[in-house]
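A structural walkthrough
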Amino acid sequence: MNAIYPGSFDPITFGHLDIIERGCRLFDQVYVAVLRNPNKQPMFSVQERLEQIAKAIAHLPNAQVDSFEGLTVNYARQRQAGAILRGLRVLSDFELELQMANTNKTLASDLETVFLTTSTEYSFLSSSLVKEVARFGGNVEHFVPSHVAAALYDQFHPVVE
Ligand SMILES: O=C(O)c1ccc2[nH]nc(Br)c2c1
């Protein structure tokens, strides 16, 4: 069975990678799918995020990066996925995740949402938190892959020609 792992990944964190690596042990193929959302102003472009994710999952032979827009259930069908993979960090994640899972179940009754609880060491982690730490010059090396840490540094320390 294939799974999709949809998200904004702005940027990808070790929390996301924890879910992806464990999902790769459960599913034949995991599509790490960046949602192209024109209503949001991400820090990194879709292309930048695709490249960041591709490098982060290069060690996983059955994971691949992708992007999509519109309904998650339509993208899942396009990728012939039987599951939507989601991570749960803390109880506060559950309410929105439950709403999305029930919506998707109503739209596509043959599509399951599979939740994995993140490892406790990453349960506090979010892309927003990482960007705030980087914004104020904090060390993010324990939160994101080194290439993502470098991209965050460049965001806040632009080279002046
Ligand atoms: O980085 C985020 O914003 C974010 C949100 C929701 C999340 N659920 N599981 C994980 Br890992 C996760 C990460």
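Numbers given for residues are sequential positions, taken from 1 along each chain in its written order. Restriction of local features to residues with pLDDT of at least 70 applies here, the model being predicted, together with a cutoff of 80 or more for giving and counting side-chain atom pairs; totals for whole chains, interfaces and linings are based on all residues. Each side-chain value is derived from all of the structure's non-hydrogen atoms; neither hydrogens nor water enter the calculation.

Quick word on the overall build of the chain
Definition in use: Counting from the N terminus, the helices are DSSP H or I runs at least four residues long and the strands are E runs at least two residues long. In this description the radius of gyration comes from C-alpha coordinates, and the expected globular size is given by 2.2 Å times residues to the power 0.38. Three labels apply to residues, based on accessible area from a 1.4 Å probe with only protein chains included: buried if under 20% of the type maximum, exposed if over 50%, partly exposed otherwise in between. Two residues qualify as a contact provided that any one of their heavy atoms is within 4.5 Å of a heavy atom in the partner residue. Throughout, the Shrake-Rupley method with a 1.4 Å probe supplies accessible areas, and for residues the shown protein chains are the sole cover considered.
The secondary structure content of the chain amounts to 6 helices and 5 strands. Along the chain, helices and strands appear, N-terminal first, in the series β-α-β-α-β-α-β-α-β-α-α. The C-alpha atoms of the chain give a radius of gyration of 16 Å, which matches the 15 Å a tight globule of 161 residues would have. A principal-axis box enclosing the C-alpha atoms of the chain has dimensions of 55 × 30 × 30 Å. Evaluated residue by residue, the chain yields a buried proportion of 46% over its 161 residues. Restricting the contact set of the chain to residue pairs at least 6 apart, pairs at least 24 apart contribute 77%. Here the chain has roughly 9000 Å² of accessible surface; of this, 52% comes from carbon and sulfur atoms.

Re the side chain of Thr 13
Counting through the fold element by element, Thr 13 comes out in the loop between β1 (2-7) and α1 (14-24). Residue contacts for Thr 13: discarding those within four places in its chain leaves Leu 125, Ser 126, Ser 127, Val 130, Phe 143 and Val 144.

A closer look at a nonpolar patch on the surface
Put simply, the rule is: Residues enter a patch when their relative accessible area is above 30% and they make no salt bridge; the linking distance is 9 Å between like charges and 5 Å between nonpolar side chains (Val, Leu, Ile, Met, Phe, Trp, Tyr). Put simply, a salt bridge is a Lys or Arg side-chain nitrogen that is within 4 Å of an Asp or Glu carboxyl oxygen.
A cluster of nonpolar side chains, namely Leu 91, Phe 94 and Leu 98, defines an oily patch on the protein surface of about 310 Å² accessible area. The residue Leu 91 is located in helix α4 (residues 91-107) in this model.

Topic: the environment of Ser 109
Tracing the sequence through the fold places Ser 109 in the loop between α4 and β5 (112-117). Each C-alpha atom of the pair Ser 109 and Gly 7 lies 21 Å from the other, and the pair is 102 residues apart in sequence.

A few points about the confidence of the model for the chain
Note the following rule: pLDDT measures how confident the predictor is about each residue, on a scale from 0 to 100.
Residues with a pLDDT of 70 or more make up 100% of the chain, whose mean pLDDT is 97. Overall fold confidence for the complex sits at a pTM of 0.95, while the interface term, ipTM, reaches 0.89.

Some remarks on helix α5 (residues 127-135)
The following threshold applies: By definition, the arc is the one covered by directions from the helix axis to the C-beta atoms.
Residues of α5 that are buried include every one of Ser 127, Val 130, Lys 131 and Ala 134, and no others. Buried residues along α5 cover an arc of 100 degrees about the axis, so they all sit on one side. Along its buried surface, α5 packs onto α1 and α6 (146-156). Positive phi appears at Gly 137, one or two residues downstream of α5, with a value of about 80 degrees.

Focus: the layout of surface pockets
Short version of the rule: Only protein atoms enter the 1 Å grid, on which a cavity is a set of points fitting a 1.4 Å probe that cannot get out and a pocket is an open set with protein on both sides within 12 Å along at least 5 of 7 lines, lining residues being those with an atom within 4 Å of a point. Grid points are joined across faces, edges and corners, and a volume is the space filled by probe spheres set on the points. Three residue categories are used. Nonpolar comprises Ala, Val, Leu, Ile, Met, Phe, Trp, Tyr, Cys and Pro, charged comprises Asp, Glu, Lys and Arg, and polar comprises the others, including Gly.
Approximately 1200 Å³ is the volume found for the largest pocket. Lining the largest pocket are 42 residues, and of these Pro 6, Gly 7, Ser 8, Arg 86 and Glu 97 lie nearest its centre. Counting residues per element, the ones that place at least two in the lining of the largest pocket are β1, α1, β4 (81-88), α4 and α5. Within the lining of the largest pocket, the residues separate by chemical class into 16 nonpolar, 18 polar and 8 charged.

Some remarks on the environment of Phe 124
Position of Phe 124 among the secondary structure elements: in the loop between β5 and α5. A relative accessible area of 47% places Phe 124 in the partly exposed class. Filtering out sequence-adjacent residues up to four positions away, Phe 124 remains in contact with Leu 129 and Phe 143.

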